[in-house]
Amino acid sequence: MIDFITFCDYTGTFAFAISGIRLASAKQFDWFGAYVVGVVTAVGGGTIRDILLNATPFWMEQASYLIISALALLFVIIFRKYVISLNNTFFIFDAIGLGLFGVVGIEKALTFGFPMWVAIVMGTITGAFGGMIRDILINEVPLIFRKDIYALACVFGGIIYYACLQMGIGPSLTQLIAATGIFVSRIVAVKYHISVPVLKGEE
């Protein structure tokens, strides 16, 4: 039986891979190109995190992440009529991946003995940077650089995580609450058009 953080890792991989493949399909990528975008979306943030933590990138130690990304591609191919035609499909899967990966990054940094502020940074990198690389590959301005509440949602989740630890809440419940906090903050920000002020140059 897998623990909750592994469940988050695998589910986040599947969700992020689908979000990448969904956007690749909109750009008319072929199956292999879409798979590459899906893999990069799923493992990109975690790879940067592991390099910064001086660890072997996680997907180089387990083939499961590449397999899960392949299953995500198969899922989109089989259900493409529903997945590709729904405009909010990308957003939902991206928000799910953001929440789950944010928690995975925090947990891994804490496991390596880093302080909470570093863990929050690592959670943000794990959650947001895969999407950043995805957007660059498909020639879009990365979400993290727009006014959307994206990376800041991971920071918010990290603060929730820390607060739960201070209150003595158990690890699995803390992870669930923090992941939900990231997901909900992303959903609420988009629904109510809450955004970071744009930095404007001279007009």
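Reading the values: the criteria
- Residues numbered from 1 in each chain as written.
- Predicted model: local features only at pLDDT ≥ 70, side-chain atom pairs only at ≥ 80, totals over all residues.
- Heavy atoms only, no water.
- UniProt positions renumbered as here; feature names shortened; annotations may be inferred.
- Core = buried A, V, L, I, M, F, W, Y, C linked by side-chain atoms within 4.5 Å.
- Buried < 20%, exposed > 50% of the residue type's maximum accessible area, 1.4 Å probe, protein only.
- Helix = DSSP H or I, 4+ residues; strand = E, 2+ residues; numbered from the N terminus.
- Contact = heavy atoms within 4.5 Å.
- Polar contact = N/O pair within 3.5 Å; in protein donor to acceptor, adjacent residues only side chain to side chain.
- Patch = residues over 30% accessible without salt bridge, like charges linked within 9 Å, V, L, I, M, F, W, Y side chains within 5 Å.
- Areas by Shrake-Rupley, 256 points an atom, 1.4 Å probe, with all protein chains shown as cover.
- Salt bridge = Lys/Arg side-chain N within 4 Å of Asp/Glu carboxyl O.
- Axes fitted to C-alpha atoms, helices over the stretch in contact; angles between N-to-C directions.
- Parallel < 35°, antiparallel > 145°, perpendicular 65-115°, else oblique.
- Left-handed = near helix turned anticlockwise from the far one by under 90°.
- Nonpolar A, V, L, I, M, F, W, Y, C, P; charged D, E, K, R; others polar.
- Expected span 1.5 Å × (residues − 1).

The name recorded for the protein in an unreviewed UniProt entry is Glycine transporter domain-containing protein, from Parabacteroides merdae CL03T12C32. Here is the UniProt Sequence similarities (unreviewed entry) comment for the protein, exactly as written: "Belongs to the UPF0126 family."

Attention now goes to the nonpolar core. Core analysis: the biggest nonpolar cluster contains 33 residues, and F16, I21, V43, L98 and Y150 have the highest contact counts within it. Of all the elements in the fold, those that place two or more residues in this core are α1 (4–26), α2 (31–52), α3 (64–78), α5 (89–111), α7 (151–166) and α8 (171–191). If we ignore the near neighbours within four places in the chain, the residues touching Y150 are F16, D94, L98, G127, A128, G131, R134, L143, I144 and R186. Residues L53, I106, M122 and I125 belong to the second largest nonpolar core, which totals 17 residues.

A few words on the environment of W59. With respect to the helices and strands, W59 occurs in the loop between α2 and α3. Residue classification places W59 among the partly exposed positions, given a relative accessible area of 30%. Spatially, the C-alpha atoms of W59 and G44 are 9.9 Å apart, while their sequence positions differ by 15 residues. Once residues within four sequence positions are removed from consideration, W59 is found in contact with V43, T47 and Y65. Within the local environment of W59, its side chain forms a polar contact with the side chain of T47, the two groups lying 2.9 Å apart.

On the surface, a nonpolar cluster with roughly 610 Å² of combined accessible area is contributed by I67, L71, L74, I78, F79 and Y82. The leading source of residues in the nonpolar patch is α3, at four residues. When you line up the elements, F79 lands in the loop between α3 and α4 (80–83). A relative accessible area of 37% places F79 in the partly exposed class.

Take the packing of α2 against helix α6 (residues 116–137) next. For the pair α2 and α6, interaxial distance at closest approach is 7 Å and the crossing angle is 140 degrees. The orientation of α2 relative to α6 falls into the category oblique. You can see that α2 and α6 cross each other, and the crossing is right-handed. Within the contact between the two elements, α2 uses V37, V40, T41, G44, G45, G46, I48, R49 and L52 and α6 uses M122, I125, T126, F129, G130, I133, R134 and L137. Taken together, the residues of the contact of α2 with α6 break down into nine nonpolar, six polar and two charged.

Before going further, it helps to examine the UniProt feature "domain: Glycine transporter" (unreviewed entry) in the protein. Listed under "domain: Glycine transporter" (unreviewed entry) in the UniProt record, and renumbered for this structure, are residues 7–80 and 92–164. The span residues 7–80 carries 78% helix and 0% strand; its end-to-end C-alpha distance comes to 25 Å.

Using the residue numbers shown here, the UniProt feature "transmembrane region" (unreviewed entry) corresponds to residues 32–52, 64–83, 90–110, 116–137, 149–169 and 175–194. For the annotated span residues 64–83, helix accounts for 95% and strand for 0% of the residues, and the straight-line distance between the end C-alpha atoms is 23 Å. As a span, residues 116–137 carries 100% helix and 0% strand, and end to end its C-alpha atoms are 32 Å apart.

Next up on the list: α6. For α6, with 22 residues, the first-to-last C-alpha span of 32 Å sits near the 32 Å given by 1.5 Å per residue. With respect to burial, α6 is a largely interior element, 16 of its 22 residues being buried. Just downstream of α6 lies N139, where phi reads positive at about 65 degrees.

Before going further, it helps to spend a moment on the pattern of salt bridges. Close approach of charged atoms allows side chains of opposite charge to pair. Per the counting criterion, the structure on display carries five salt bridges. For the salt bridge of D50 with K108, the shortest nitrogen-to-oxygen distance reads 3.0 Å. One end of the pair, D50, is in helix α2; the other, K108, is in helix α5, and 58 residues separate them in sequence. Like K108, D50 is buried. In this structure, D94 engages R134 in a salt bridge whose closest nitrogen and oxygen atoms are separated by 3.0 Å. In this pair, D94 sits in helix α5 while R134 sits in helix α6, placing the two residues 40 residues apart along the sequence. Judged by its relative accessible area of 0%, R134 falls in the buried class. Linked through salt bridges whose partners overlap, the residues forming this network are R49, D50 and K108.

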